[in-house]
Structure formats: structure tokens, C-alpha cells
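Listed below are the residues making up each chain.
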Amino acid sequence: MNTLRISVTSIREEGCVFEERVRVSSIQPPDTKALPVETALVRGRFERLGDEFLFRGRISGVYEGACVRCLETAQSPFEVEVAWVFAEGPASVFEEIGHALEMTAGDTRDASSSEDARRSFQGYEINLAPYVWEEVVFAQPSRFLCRDECRGLCPRCGANQNEGACHCAACHDPEQTGNRGLAALAELFPELAPQKTKE
Ligand SMILES: [Zn+2]
Ligand SMILES: [Zn+2]
């Protein structure tokens, strides 16, 4: 169920606090790829600006994916600040088409989705879901790293080098790591070893 809807009649002059944690899959538009993030926390305040409404707050969550070096699960938290102005009226072309399009990490935002662009709502209810979804999409990391100093997997035996050194010579010999296929072959077939090692 989408809990990111608010009735505008509940937003009085003094404004109101809004805080909801949603399952990201519950606000995912049809025909889009699922995102590797479980929930998003939406925290902020609605304020009335004459006939319009301002939502100012933060959207946060934790992306999870395989570390590019060691393949262990890595977490990538995000928190973005948003300020959206909502006005009653027909949905813009961008809102009708834009949110149906699949957006991937690294896409650049165009002017129509900039922070100060007006968003529309119909009737008496503001639905934050499409805008929250959009922010979560843009917050997706292009790659995961479990920690900056991750030592990755041994290129030869596949051992996780964060858990200690393996016993491969290749791990400690920079000359062989770059050429591990040949190095492994040379071990099996000494006669094929590169000429420079000949004695
Ligand atoms: Zn790692
Ligand atoms: Zn190794």
C-alpha cells in the first residue's frame, strides 16, 4: 500500500510533520526495474503557501549490492534533501511520461525535474510516491565497495583477501598478477615458461 499520500485538507496554516517509511517496491512504477534497496524513509514538513503546498524534507535509505572487489554484500546509504512545491492542476507532460520511463543511475536531470519545478496534484490529495521513487533512482550508486580499503579476491585462487593472505605466489608477485593465465600455465608446463626465466 502506498502510504505517501496526504490529504491537503490536513495541511493547515501552521504546517504539518510528515514521516513515513515505505517499501520501495510499493512505489515502483510499472515496467521499471526493481531497485536493490528495501525501504525509503521520507521525513519532512508540509506547509501551505496560499493555494500551493511546500514539502521540504529528506529521503534516505540503504542500497545493497555485491562489492565490486570481493563480492561480499556491501551497503551504500544515501540521504537526499528535497523541496517540492505542489499546485493543484492537470499533470504535466513530464509527470505523465517522465515517471513511466525507466531511469537509471547516472542519468542527468533535465530542467523540468529541477528542485524548484512545480509539481501538480489532482483533487485534494498529494501523492509523493512518484517523486520519492525518482529520488531513490537517482541515489542509486553506480558500484558497490564494502570499504575503501577492500583488498578484493585473489586473482588466482579466488580467496577473499580481506580474510587473510592466501598461499598463492601470484598474490605477492606483481609481475605475475598481471599475467596470471600465463603464470599458471608456466607452472603446469615449465617448458612453455617465458624465455627470460630460462637459466
Ligand atoms: Zn569488498
Ligand atoms: Zn590466492
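What you see is a predicted model, and the numbers here were worked out from it, not measured in a lab.

Here the zinc ion (ligand 2) is held by C154 (SG), C157 (SG), C166 (SG) and C168 (SG), and the distances to it run 2.2 to 2.4 Å. Viewed at the metal, the four donor atoms of the zinc ion (ligand 2) are separated by angles of 99 to 120°, and the geometry they form is tetrahedral. The sequence pattern describing where the donors of the zinc ion (ligand 2) fall on their chain is C-x2-C-x8-C-x1-C. With a gap of 14 residues between them, C154 in the loop between α2 (129-138) and α3 (174-177) and C168 in the loop between α2 and α3 connect regions that are remote in the sequence.

Within the protein, C67 (SG), C70 (SG), C146 (SG) and C150 (SG) serve as the donor atoms for the zinc ion (ligand 1), at 2.3 Å. The motif formed by the donor residues of the zinc ion (ligand 1), counted along the single chain, is C-x2-C-x75-C-x3-C. Residue C70 is found in the loop between β4 (52-66) and β5 (73-88), and its partner C150 is found in the loop between α2 and α3; the two are separated by 80 residues along the sequence. C150 gets classed as buried once you look at its relative accessible area, which sits at 5%.

Spatial strand order, β2-β3-β4-β5-β6: five strands in an open sheet with mixed pairing. The open sheet has two edge strands with one neighbour each: β2 (16-23) and β6 (118-121). Each strand axis lies, on average, 30° off the axis of its neighbour in the sheet, ignoring direction. Taken together, the four bridges between β5 and β6 define a ladder with parallel strand orientation. Across the sheet, residue A87 finds its bridge partner in β6, namely S120.

Take the nonpolar core next. Ranked by size, the top nonpolar core spans 36 residues in total, and within it L128 and V136 carry the most contacts. The biggest single contributor to this core is α2, with six residues. Setting aside anything within four residues of it in sequence, one finds L128 in contact with L4, F18, V42, F46, F55, W84 and F86.

To continue, consider the confidence of the model for the protein chain. Summing up the model confidence of the protein chain, the mean pLDDT is 82 and the portion of residues at 70 or higher is 71%. With pLDDT under 50 throughout, residues 100-107 is counted as low confidence; its partners more than four residues away or in other chains account for 13 contacts.

Considering the arrangement of structural elements, one finds V22 in strand β2. Overall, the relative accessible area of 3% leaves V22 in the buried class. Each C-alpha atom, one on V22 and one on A129, is 9.3 Å from the other, the two residues being 107 residues apart in sequence.

Bringing the pairing of β5 into the picture now. Regular strands show a simple pattern: their side chains alternate between the two faces of the sheet. Taken together, the 14 bridges between β4 and β5 define a ladder with antiparallel strand orientation. Across the sheet, residue S60 finds its bridge partner in β5, namely E79. Here β4 hands over to β5 after six residues, with L71 in that stretch at a positive phi of 70°.

Attention shifts here to the packing of aromatic side chains. Considering all chains together, one arrives at nine aromatic pairs under this definition. Summarising the aromatic geometry, the rings of F46 and F55 are spaced 4.9 Å apart at their centres and angled 50° between planes, so their arrangement reads as tilted. With a relative accessible area of 0%, F55 lands in the buried category. Summarising the aromatic geometry, the rings of F86 and Y131 are spaced 5.5 Å apart at their centres and angled 70° between planes, so their arrangement reads as edge-to-face. Taken as a pair, F86 in strand β5 and Y131 in helix α2 lie far apart in primary sequence, 45 residues in all.

Criteria and cut-off values
Residues numbered from 1 in each chain as written. Chains lettered and ligands numbered in written order. Predicted model: local features only at pLDDT ≥ 70, side-chain atom pairs only at ≥ 80, totals over all residues. Heavy atoms only, no water. Donors = N, O, S within 2.8 Å, 3.2 Å for Na, K, Ca; no water. Tetrahedral: all angles 85-135°; square planar, octahedral: opposite > 155°, others 65-115°. Helix = DSSP H or I, 4+ residues; strand = E, 2+ residues; numbered from the N terminus. Buried < 20%, exposed > 50% of the residue type's maximum accessible area, 1.4 Å probe, protein only. Pairing = 2+ DSSP bridges. Axes fitted to C-alpha atoms, helices over the stretch in contact; angles between N-to-C directions. Core = buried A, V, L, I, M, F, W, Y, C linked by side-chain atoms within 4.5 Å. Contact = heavy atoms within 4.5 Å. pLDDT = per-residue confidence, 0-100. Phe/Tyr/Trp six-rings, centres within 6.5 Å; stacked < 30°, edge-to-face > 60°.

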